[in-house]
Amino acid sequence: MSLPLSYSVRNVRIRLRRTALTIAVIALAVVASAVFLALISSLQRTLVSTGSPENLVVLRKGSDNDGSSMLTLEAYQAIRFFDGIARDAAGQPLASPEMVVQPTVWTTRGTRENVLARGVEPVALRVHDQVRIVAGRMFRPSSGEVVLGVGTVGRYEGARLGEEMPFGRRRWRVVGIMEAAGSSFESEVWVDVRELANDANRPFPFSGVRLRVAPGADREALIRRIEDDPRYALEAKPETDYYADQAKSSRSLYVLLVVLAAPVGIAAGLGAANTMFAAVQARTVEIGTLRALGFSRGTILRAFLLESFGVAMVGFVVGALGTVALAAVIGAALGGIGFTAATFTTNVVALRVGAGDLGAAFLFAAAIGIIGGLLPAWRAARLRPVEALRKA
Amino acid sequence: MKYLPFVVRNLLRNKLRTALTGGAIGLAILLVCFFLTMPGGIDRLLSEVTSNVRVSVHNKGGVVYDMPYAYVQRVRSIPGVTAVNPEVWFGGAYEQEGMVTFPSFALDPDAVGNVWPDYDIEPLALEKFRRQRDAAIVGRETMKKYRWRIGQQVSLVSTVWPVTLTFRIVGEIPNDRAPHFWIQREYLAQAMEAQGRQLDTVGTIWVRVADPALVNDVMTRAVAMFRNSPAEVNAETEKSFFASFFGSLQSFVQIILVVTGLVALCVLCIAANTASMAVRERGREIAVLRAIGFGRSVIFGTLVAESTLLATLAGGVGALLTYGFSAMIRALSGASMGGNELGALTGFLVTRDIVARGIALSVVVGLVAGIAPAWGAARRPVAETLREVF
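Thresholds, definitions, all that
- Residues numbered from 1 in each chain as written.
- Chains lettered and ligands numbered in written order.
- Predicted model: local features only at pLDDT ≥ 70, side-chain atom pairs only at ≥ 80, totals over all residues.
- Heavy atoms only, no water.
- Helix = DSSP H or I, 4+ residues; strand = E, 2+ residues; numbered from the N terminus.
- Buried < 20%, exposed > 50% of the residue type's maximum accessible area, 1.4 Å probe, protein only.
- Contact = heavy atoms within 4.5 Å.
- Lys, Arg positive; Asp, Glu negative; His and termini not counted.
- Charge placed at Lys NZ, Arg CZ, Asp CG, Glu CD.
- Areas by Shrake-Rupley, 256 points an atom, 1.4 Å probe, with all protein chains shown as cover.
- Buried area = accessible area lost by both parts, 1.4 Å probe.
- Salt bridge = Lys/Arg side-chain N within 4 Å of Asp/Glu carboxyl O.
- Phe/Tyr/Trp six-rings, centres within 6.5 Å; stacked < 30°, edge-to-face > 60°.
- Lys NZ or Arg CZ within 6 Å of the ring centre and 35° of its normal.
- Axes fitted to C-alpha atoms, helices over the stretch in contact; angles between N-to-C directions.
- Parallel < 35°, antiparallel > 145°, perpendicular 65-115°, else oblique.
- Left-handed = near helix turned anticlockwise from the far one by under 90°.
- Nonpolar A, V, L, I, M, F, W, Y, C, P; charged D, E, K, R; others polar.
- Patch = residues over 30% accessible without salt bridge, like charges linked within 9 Å, V, L, I, M, F, W, Y side chains within 5 Å.
- Core = buried A, V, L, I, M, F, W, Y, C linked by side-chain atoms within 4.5 Å.
- Pairing = 2+ DSSP bridges.
- pLDDT = per-residue confidence, 0-100.

Within chain A, the regular secondary structure consists of 12 helices and 14 strands. In terms of principal-axis extent, the alpha carbons of chain A reach across some 95 × 45 × 35 Å. Taking all 392 residues of chain A together, 58% fall into the buried category. Restricting the contact set of chain A to residue pairs at least 6 apart, pairs at least 24 apart contribute 79%. Taking the average location of the 44 positive side-chain charges in chain A and that of its 33 negative ones, the two points are 15 Å from each other.

Right, let's get into the overall build of chain B. Across its full length, chain B holds 14 helices and 13 strands. Per element, the accessible surface of chain B, about 17100 Å² overall, is 59% carbon and sulfur.

If you look at the interface, chain A gives 68 residues, while chain B gives 68 residues. At the boundary of chain A with chain B, total buried surface from both sides reaches about 5500 Å², with 68% on carbon and sulfur atoms. Applying the counting criterion to the chain A and chain B interface returns 2 salt bridges. Of the charged contacts in the structure, one is a salt bridge between Glu 236 of chain B and Arg 112 of chain A, with a shortest N-O distance of 2.8 Å.

What the rule picks out here adds up to 22 aromatic pairs over all chains. Taken together, a centroid distance of 4.9 Å and an interplanar angle of 85° make the contact between Tyr 242 of chain A and Tyr 243 of chain A edge-to-face. Among the residues examined, Tyr 242 of chain A registers a relative accessible area of 2% and is labelled buried. You can call Tyr 243 of chain A buried: its relative accessible area is 6%. Geometrically, the ring pair formed by Trp 206 of chain B and Phe 241 of chain B is edge-to-face, given 5.2 Å between the ring centres and 85° between the ring planes. Of the two residues, Trp 206 of chain B is situated in strand β12 (residues 204-209) and Phe 241 of chain B in helix α9 (residues 238-246); the sequence distance between them amounts to 35 residues. By the burial criterion, Trp 206 of chain B is buried, and Phe 241 of chain B matches it. What links up through ring pairs into an aromatic cluster is the set Phe 90, Tyr 94, Tyr 146, Trp 148, Phe 167, Phe 181 and Tyr 187 of chain B. The residue whose ring lies beneath Arg 170 of chain A is Trp 172 of chain A, and the NZ or CZ to ring-centre distance is 4.6 Å.

What follows covers the packing of helix α1 (residues 5-14) of chain A against helix α10 (residues 297-334) of chain A. Residues and elements named next belong to chain A. Following both chains from N to C, one finds α1 and α10 inclined at 50°, their axes separated by 9 Å at the closest point. With respect to α10, the axis of α1 lies oblique. For the pair α1 and α10, the crossing hand works out as right-handed. Residues Leu 5, Tyr 7, Ser 8, Asn 11 and Val 12 of α1 form the contact with α10, whose own contacting residues are Ala 303, Phe 304, Leu 306, Glu 307 and Val 311. Here the residues of the contact of α1 with α10 are counted per class, giving 7 nonpolar, 2 polar and 1 charged.

Time to look at a nonpolar patch on the surface. Residue and element names in this part refer to chain A. A cluster of nonpolar residues, Phe 309, Ile 370, Ile 371, Leu 374 and Leu 375, forms a patch on the protein surface that exposes about 390 Å² of accessible area. Per-element tally for the nonpolar patch: the top contributor is helix α11 (residues 355-382), with 4 residues. Position of Ile 370 among the secondary structure elements: in helix α11.

Residue and element names in this part refer to chain B. Residue position: Thr 308 is located in helix α12 (residues 296-335). On the accessibility criterion, Thr 308 (13% relative accessible area) is buried. Residues within four places of Thr 308 in sequence aside, it is in contact with Val 363, Gly 366 and Leu 367.

This next bit is on the nonpolar core. Membership of the largest hydrophobic core comes to 72 residues, with the highest contact counts inside it found for Ile 26 and Leu 43 of chain A together with Val 263 of chain B. The dominant element in this core, judged by the number of residues it contributes, is helix α2 (residues 16-48) of chain A, at 15 residues. Those residues in contact with Leu 43 of chain A that sit more than four places away from it in its chain are Leu 253, Tyr 254, Phe 339 and Val 349 of chain A together with Phe 252 of chain B. Residues Ala 75, Tyr 156, Trp 172 and Val 191 of chain A belong to the second largest nonpolar core, which totals 41 residues.

Okay, the pairing of strand β7 (residues 135-139) of chain B next. Residue and element names in this part refer to chain B. Among the 5 residues in β7, 5 count as buried, and that is most of the element. Residues of β7 alternate between two faces, with Ala 135, Ile 137 and Gly 139 on one and Ala 136 and Val 138 on the opposite face, all of them buried. Bridge count between β7 and strand β10 (residues 181-184): 3 bridges; the pairing is antiparallel. Directly across from Ile 137, in β10, lies its bridge partner Trp 182.

This prediction gives chain B a mean pLDDT of 82; 86% of its residues lie at or above 70. Interface confidence for the predicted complex, given as ipTM, is 0.71, next to a pTM of 0.75.

This brings us to the pattern of salt bridges. Tallying each qualifying case throughout the model produces 30 salt bridges over all chains. The closest approach of N and O atoms between Arg 171 of chain A and Glu 164 of chain A, which form a salt bridge, is 3.3 Å. Residue class for Glu 164 of chain A comes out partly exposed when judged on its relative accessible area of 32%. Linking Lys 60 of chain B and Glu 232 of chain B is a salt bridge whose minimum nitrogen-to-oxygen distance equals 3.4 Å. Taken together, the residues span a long stretch of sequence, with Lys 60 of chain B in the loop between β1 (54-59) and β2 (67-68) and Glu 232 of chain B in the loop between α8 (215-225) and β13 (233-237) at a distance of 172 residues. Look at Glu 232 of chain B and you get partly exposed, because its relative accessible area is 25%. Several salt bridges converge on common partners, so that one network encompasses Glu 98, Arg 118, Glu 188, Arg 210 and Glu 239 of chain A.

Put into structure tokens, the structure is as follows:
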């Protein structure tokens, strides 16, 4: 004989206030853990998902990032015609000479951040196929125009389509907005490379070259050829490796977040399990009565487990909605989380709650529901009916 | 006080519940204490590594933009300035260690002692730094990291200038502060001249001001001096200069604070729930106590004391544990990084003041959680409660 489902449902309804409290506690635990997980995964997505495995980053030997590299014009002219570099329909090599500087820019909140300004030629859009212009157009060379990564829009003074953004020694007209699948290109500002070199007073216009490897070409052979050329002292590595290396410097931040998230989770879990525990334990008498009426231990256990699991799931749903809402509020209030990478430029990380983050929070809530319901129900069900009733 | 054993007994009645509630409160207070160190920690760290009479003058566009070298003389002429040092980013990469980079700067050896007297560099080392063209002074942490000794020769490949230079280490900066590798500007300039290029720019001009009261005046004058020139400048105190590097942590701190707030709220709910349960279970007992003559205030007092005692004990343990916890974070983050801006986090300490605030917070949690159920229990008419019992 099994307990009807309506028993569990009615239980919840009769103890509405306590159930609501339990749901609230579980929901808060879900929000806390999901926000932390989302923070870690958003950070990782932005920092690690940048770059394409078909691209090579060519820098001066010894530079660990393109902010501290310099490349001569002749080196660029030589390597762009190496074998194994993809070419466009017109036969031009897909080699994008680039220069990176980190000008200080004022945020609309009145603080300063260093933005990564990347000087490029129009070929850059074909080499970085992650990057798409989603509003406006690409800049025209030598006209003081810039294209903004979507993460910078509205974050900095003048960083809006049609406005003028001051950085370096002058003001630049914003003519386009670009997206790059959440990668760190979205935190950059793209300018004509020669104009930027001029503005920054750099003797060499290029800090590095991004190359697209031709389909079917031997990538390793191309890397060897670039690195072995004694004239230029260059080094080349796949763009994805380059950004993965950059992201390494933020590892300590992950460690910090995990160290913080663990006690947050434990505290919330303890509390939620305790609340659930209490909800079941308070009904020892009822359980005794049910046993006296002839319901088996297994039946009672199942009913209580079902109830506690159901409550935990409602808590999860409320918490998941709360997490999404909180992420939206944080996004609106902070506009994206500025995170300064090792190169001192700001990556704008959008806090996005992914399915994985909610999945982990779901498991957490389910564990709370099962452990919080199972232990006390098991304990109560094991009592002899007489004992349980005597407690009344 | 005479009711204390009674309160303790009540707490020990359901040990599992007490332990779970106490654990949740303790952990929450532990977290809150740690987060309380953040704003103060950043500030303390900045004050520790910076001087209030040192000013950075750099291009308005940012530190990657340079200024004409002639600016150095003009800044020196500002009243109140006692010493200036032009600093140029050398961007040296250490070949022998697989081309690792660390902050390396070329500067004027004569003015090092005057601009950074607080660095406590040995006078003998400063003297050698002045006299030997290829001399280098290295921060203690960098020395340790690469196991360098004084007198050793080190070759660095510049990633900014087209030169590779060999240096002889003549001294160390006996603290863990910002500059990790200092070289002579003249040495770099000569190496550049050999290639037919002139080193006529400067990245940052470090200025030492005679008196903290003059700092603002010097900064205003420096900015005004180069207004409408091709390289307008920005002047800021050393503290504000380094503060902008840590600025990016601010939004993380904000989010973490929001989450901590939620957890604290969660814990308050838990504590309130526990307290109300304890009261409900004991309805009969409370009625009996009242019937045999204990006043409302005693009932109310003991119940509130119960939740407050639990919260305070648990919170106290949590607050004290933050000493250990912050030490652990220091160890973890210190091991996994080599001196980037997150190194700031290694300087965080939980002070007595923060522990006191954590304990105060746990007292408040206990009081708030206990008051409502205790109030309800104390007010219930005895007859009504007893009727339920019999």
